[in-house]
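Chain residues, written in single-letter form:
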Amino acid sequence: MSTFATLSALQLVIADALDDIQRVFSQNSCPDPPSSPPSQCSSPVYPSSPDPSLATSPFPATPPASFPPTPLSATFPSTQRSPPNTDVPFVDYPSPDSPFVSNSASEQLALHPDAAAAASRIVAACGQMSSIVHKPFSSLCDAIMSYNLPACMRLVEHLHVAEILREAEEDRQRDLASRQEAVAPLSVHALRLLSTHHIFRETAPDTFALTRVASLLDSGKSVKAVFSKLTKYGDTGATPAFVALITDELFKSAAYLTEAFTGVQLSTLASTPNLSFPADVIPSGTTTIPSTSSSSFRLQRFSRAMVATTEWEAPKAILSGFDWYSLPKGSTIVDVGGGIGSTTMTLARALNDPRNNLNFRFVVQDRPIVNTLGIEAWRSKCPEMLESGQVVFQGLHPAVYVLRVVLHDWPDECARRILINLRVASNPETRLVIAEHVLPLAYWTLNSVLANVEGAERTLVFPPLLPNLGKASATAYWMDLIMHITFNGKERTLREFCALALSAGWRVTRMTRPEGTLFAYLVCEPI
């Protein structure tokens, strides 16, 4: 295919995807619904329990698009499509210049499975088209100088710029000097770079405002409160904590990637976490997450940051990642390395609804210091579940083990030990659910060794897009490198997961992955 033909095909992908999004908005547009009273377990992090029958999606299903039978096909989806219905009240797509409001009609429609999948195709096609038409040296400069973006993101998060701009929104302060006189010149240049990348926006000389993206940095607390660093990440601020974690110790460790791969001590560190983390950044003898006390600033920030990782997944996708209703009443479900129990909270509130009469018992396993934080969180959100014994921290004899974002912390040798220990503690009826990014390959292949894995898609999209959706899926591949340089771990392909599981006495039998995300759920059986 010629380059112009590829560009034209990508243009059609964008046009068709935009039609899909407009159709979703026109067919489902309605005014914002009134807020319902929160349940006893409600919070911004843990929303009210859904009706189990609506666990997968609140939107009506629409027929899937028709794709070519093989990736080598030269055909593309038909462009003869009916236009969106414009006769109904139309809710516009979320504005890039307005703060993110998760419960608004526009944001809810943007999460519709068809709209989310179409948005991913647009991002992938635009990224691929940009790589074709951009000057090669400019593309190279983007790659080698982009380290300035996380550096600037750390600066504005550390200076609480989002909270300052939110409080200054009405009077539009000319700059940040009134709050940060010593760093105002630097922060202005940092904000301008971020505005160039559409993260903030410059509304007048040296005057900046929040955007849909930048508003995610806002903890919702007052400027006075966030300048006490031990309070910013307490009961709110999951996304700011995630940004701070990634741009602090994890960003610093990335500079040592080459040393990690080529250093003379690499062979002796093959199974050691923190492979490339510089000794002068974290004191010798500690890990990246200090565990000296429950008031540790980094530990608190890390715990909140892990809550933000739910953004990798489709909303409540864990509920459809396994057939929970197939379990006998009273079964025990263990969340291994479950942190403060965010995933367990979603499961417990949905599955132990009194209407279900399932009486499941949930166990969250983690380090003692993390368990302490988890118990505190549950006491403030769902104390009745702790008091009744429905949820406990530590336990035995489960029907299902849940491993959510655990294995990516470890190299294969250590991950295999974890899986072997779970296998030894299991019986033939025990099931294991692995929730991780599952990385597709970046090239087309007709060879399939995954025929025995139900739901395992060989490709995500059709040509001329990359089969892994390219730029639209970049986060998962960035996490792959972050896991390597920080813990000597990695994100894995489905082939790698299957091989790892088999080496530890498990067989991957089913894979569930909602459209628009690489975060998947693998169901494993003992062998």
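What you see is a predicted model; the values in this text were computed from it and never measured.

Caption draft 1: Region of the structure containing the overall build of the chain. The secondary structure content of the chain amounts to 18 helices and 9 strands. Counting only residues that meet the buried cut, the chain has 46% of its 527 residues in that class. The long-range share in the chain, meaning contacts at least 24 apart out of those at least 6 apart in sequence, stands at 76%. Counting only carbon and sulfur atoms, one obtains 58% of the accessible surface of the chain, whose full area is about 26300 Å².

Caption draft 2: Spotlight on the packing of helix H10 (residues 238–254) against helix H17 (residues 474–487). Here H10 crosses H17 at 75°, and the two axes come no closer than 9 Å. Put simply, H10 runs roughly perpendicular to H17. Packed against H10, whose contacting residues are Ile-246, Leu-250, Ser-253 and Ala-254, the element H17 presents Ile-482, Ile-485 and Thr-486 at the interface. The class makeup of the residues in the contact of H10 with H17 is 5 nonpolar, 2 polar and no charged.

Caption draft 3: Structural context of the nonpolar core. Ranked by size, the top nonpolar core spans 53 residues in total, and within it Trp-324, Leu-327, Ile-333, Leu-351, Phe-362, Trp-378 and Val-400 carry the most contacts. With 6 residues, the top contributor of residues to this core is H10. Within the second largest apolar cluster, 28 residues are counted, among which are Val-406, Ile-434, Phe-497 and Ala-501.

Caption draft 4: View of a nonpolar patch on the surface. Judged by side-chain polarity, Phe-137, Leu-140, Ile-144, Met-145 and Tyr-147 come together as a nonpolar surface patch covering roughly 560 Å² of accessible area. Positionally, Ile-144 belongs in helix H4 (residues 136–145).

Here is what the cut-offs are and how they apply
Residues numbered from 1 in each chain as written. Predicted model: local features only at pLDDT ≥ 70, side-chain atom pairs only at ≥ 80, totals over all residues. Heavy atoms only, no water. Helix = DSSP H or I, 4+ residues; strand = E, 2+ residues; numbered from the N terminus. Buried < 20%, exposed > 50% of the residue type's maximum accessible area, 1.4 Å probe, protein only. Contact = heavy atoms within 4.5 Å. Areas by Shrake-Rupley, 256 points an atom, 1.4 Å probe, with all protein chains shown as cover. Axes fitted to C-alpha atoms, helices over the stretch in contact; angles between N-to-C directions. Parallel < 35°, antiparallel > 145°, perpendicular 65-115°, else oblique. Nonpolar A, V, L, I, M, F, W, Y, C, P; charged D, E, K, R; others polar. Core = buried A, V, L, I, M, F, W, Y, C linked by side-chain atoms within 4.5 Å. Patch = residues over 30% accessible without salt bridge, like charges linked within 9 Å, V, L, I, M, F, W, Y side chains within 5 Å. Salt bridge = Lys/Arg side-chain N within 4 Å of Asp/Glu carboxyl O.

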